[in-house]
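Here is how the chains run, residue by residue.
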Amino acid sequence: MIKLHCFGESGNAYKTALTLQLSGAEWEPVFVDFFNGASRTPEFRAMNVMGEVPVMEDGDLILTQSGVIQDYVSSKTGKLGGRSAAERRDVLRWMFFDNHKVSGVAGPLRFNTNFLPEDKRNADVNGFMHMRLMSALKILETQLADTPYLTGDALTIADIACCGYLYYPEPYGFNRAEFPKIDAWLGRIEDTEGYKAPYDLMPGSPADRA
């Protein structure tokens, strides 16, 4: 049984949880109380020196960073990783794009506008990140006008990486209605057998702290 150390609010953890879920792997979530400092304890840092989720345990193997875990799961299950060497390279291309341009911007923007104390929020910084995110989403929109999924006609971990933050309900400037191709793509992923939204798939949500 694979264990995934995670919490519901983490989009990066959601990518790995959804990959496990849609690949049919046997797994269970282990709640990390991030907002009370659980990821910064010596015990947690012994598993991941970066002090971040997700952390995956599969027997004696411990892996961190969402893309690495996604790659491991797709390799282990033979699913969601592309059907040829060329497709796998395209999968990696979109995953690297996600890390730098989509999740790498959407994650901190969503955190800054929803979870950071209001007196620490910087409107100029958030405005810049919103501009960068919209530019990246326009690229996704362009690709999805040509193909139903980012690398072609089949769902892969590239799609799961790029969609991770786009399913969260907190407002941070992304509106599905403004991106019809992305909206339809997200709908296709939602229709995939086994799909669950972030707060249904992992423990922990803003409502728990309300």
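Before reading on, note that the structure itself is shown above.
Predicted model, so just to flag it, every value in this text is computed and none were measured.

K.L.:
Describe the nonpolar core, naming the residues involved and giving the relevant values.
P.N.:
Within the largest apolar cluster, 59 residues are counted, with the highest numbers of intra-cluster contacts made by Leu133, Leu137, Leu140, Ile182 and Trp185. Mapped by element, the contributors of at least two residues to this core are strand 1 (2-6), helix 1 (11-23), strand 3 (55-58), helix 3 (66-77), helix 4 (85-114), helix 5 (123-144), helix 6 (157-163) and helix 7 (180-190). For this core, the leading source of residues is helix 4, giving eight residues. If sequence neighbours within four positions are ignored, Leu137 has contacts with Val102, Leu166, Phe174, Phe179 and Ile182.

K.L.:
Which residues make up the pairing of strand 2 (residues 27-31), and what are the values?
P.N.:
Where strand 1 lies against strand 2, five bridges are found, and the strand directions are parallel. Across the sheet, His5 pairs through a bridge with Val30, a residue of strand 2. Between the parallel elements strand 1 and strand 2, the chain passes through helix 1 in a crossover that is right-handed.

K.L.:
Lay out helix 7 in plain terms, naming residues and giving numbers.
P.N.:
All of the buried residues in helix 7 are Ile182, Trp185, Leu186, Gly187 and Ile189. If you follow the buried residues of helix 7, they end up packed against helix 5 and helix 6.

K.L.:
Run through the pattern of salt bridges, naming residues and quoting values.
P.N.:
Enumeration over the complete set of coordinates arrives at 10 salt bridges. For the salt bridge of Arg209 with Glu9, the shortest nitrogen-to-oxygen distance reads 2.3 Å. Of this pair, Arg209 sits in helix 9 (residues 206-209) while Glu9 sits in the loop between strand 1 and helix 1, placing them 200 residues apart in sequence. Judged by relative accessible area, which is 39%, Arg209 ranks as partly exposed. Since its relative accessible area comes to 5%, Glu9 is described here as buried.

K.L.:
Give me the layout of surface pockets: which residues, what numbers.
P.N.:
Taken as a whole, the largest pocket holds about 590 Å³ of empty space. Where the lining of the largest pocket is concerned, the elements lending two or more residues are helix 1, helix 3 and helix 4. Sort the elements by how many residues they give to the lining of the largest pocket and helix 4 lands first, with eight residues. Looking at the lining of the largest pocket residue by residue, the class counts come to nine nonpolar, 13 polar and five charged.

Definitions and limits used
- Residues numbered from 1 in each chain as written.
- Predicted model: local features only at pLDDT ≥ 70, side-chain atom pairs only at ≥ 80, totals over all residues.
- Heavy atoms only, no water.
- Core = buried A, V, L, I, M, F, W, Y, C linked by side-chain atoms within 4.5 Å.
- Buried < 20%, exposed > 50% of the residue type's maximum accessible area, 1.4 Å probe, protein only.
- Helix = DSSP H or I, 4+ residues; strand = E, 2+ residues; numbered from the N terminus.
- Contact = heavy atoms within 4.5 Å.
- Pairing = 2+ DSSP bridges.
- Right-handed = clockwise from strand over helix to strand, strands pointing away.
- Salt bridge = Lys/Arg side-chain N within 4 Å of Asp/Glu carboxyl O.
- 1 Å grid on protein atoms, 1.4 Å probe; cavity = no way out; pocket = protein on both sides within 12 Å on 5 of 7 lines; lining within 4 Å.
- Points joined across faces, edges and corners; volume = space filled by probe spheres on them.
- Nonpolar A, V, L, I, M, F, W, Y, C, P; charged D, E, K, R; others polar.

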